[in-house]
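Architecture at a glance
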Amino acid sequence: MELELEGADLKSVLNRLRRAQGQISGVIRMIEEGRDCEDVVTQLAAASRALDRAGFAIIATGMQQCMTDIESGRKNGEDAQQMRTRLEKLFLSLA
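Residues numbered from 1 in each chain as written. Predicted model: local features only at pLDDT ≥ 70, side-chain atom pairs only at ≥ 80, totals over all residues. Heavy atoms only, no water.

Filter applied, for reference: UniProt positions are given in the numbering used here, feature names are shortened, and annotations may be inferred rather than shown by experiment.
Per an unreviewed UniProt entry, the protein chain goes by the name Metal-sensitive transcriptional regulator and belongs to Streptomyces vastus. If you open the UniProt record of the protein chain and go to Sequence similarities (unreviewed entry), you find "Belongs to the CsoR family."

Structure representation (structure tokens):
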């Protein structure tokens, strides 16, 4: 299953990943500076949420593409059940 992100979907996912990257850099800096534990954990939680949202956006796009493939009969050698199983595993990996 190939994932094709384009236009607004691509921009949204990249923005979320860049936000998470900045937040993780902030966490590293905060730890190096010996900042308050609560502040570090709050920033780390924000980075985690940003990564989760990017992952869910990627999976949602993948699900949409798979549905289109199934409806159009282009299954890239996989049947509908195999595609569903793979997507379910991906989704659960973020849960």
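1. Some thoughts on a nonpolar patch on the surface
The line we're drawing: Excluding any residue in a salt bridge, patches collect residues exceeding 30% relative accessible area, merging like charges within 9 Å and nonpolar Val, Leu, Ile, Met, Phe, Trp and Tyr side chains within 5 Å. All accessible-area figures derive from a Shrake-Rupley calculation using a 1.4 Å probe, and residue coverage is judged against the displayed protein chains alone. Take a side-chain nitrogen of Lys or Arg and a carboxyl oxygen of Asp or Glu: if they are within 4 Å of each other, that pair is a salt bridge. Helix and strand labels come from DSSP, where a helix needs a run of H or I of at least four residues and a strand needs a run of E of at least two; each type is numbered from the N terminus.
Together, Leu10, Leu14, Leu17, Ile24, Ile28 and Leu51 make up an exposed nonpolar region whose accessible area comes to about 440 Å². No other element matches the five residues that helix α1 (residues 7-32) contributes to the nonpolar patch. Looking at the element boundaries, Leu17 is found in helix α1.

2. Notes on the pattern of salt bridges
All told, the structure shown has one salt bridge when counted by the stated rule. Between Arg35 and Glu33 there is a salt bridge; the shortest N-O distance is 3.9 Å.

3. So, α1
Selection rule: Here the expected span of a helix is defined as 1.5 Å times the quantity of residues minus one. Only protein chains enter the accessibility calculation, which uses a 1.4 Å probe; a residue whose area is less than 20% of its type maximum is buried, one above 50% is exposed, and one in between is partly exposed.
For α1, with 26 residues, the first-to-last C-alpha span of 38 Å sits near the 38 Å given by 1.5 Å per residue. Along α1, the positions that sit buried rather than exposed are Val13, Ala20, Gln23, Gly26, Val27 and Met30. Positive phi shows up at Gly34, right after α1, with a value of about 70°.

4. What to know about the environment of Leu14
Locating Leu14 in the fold gives a position in helix α1. Leu14 gets classed as partly exposed once you look at its relative accessible area, which sits at 31%. Taking the C-alpha atoms as reference points, Leu14 and Ala54, 40 residues apart in sequence, are found 7.9 Å from one another.

5. Side note on the environment of Leu17
When its relative accessible area of 35% is taken as the criterion, Leu17 is described as partly exposed. In sequence terms Leu17 and Ala54 are 37 residues apart; their C-alpha atoms lie 6.4 Å from each other.

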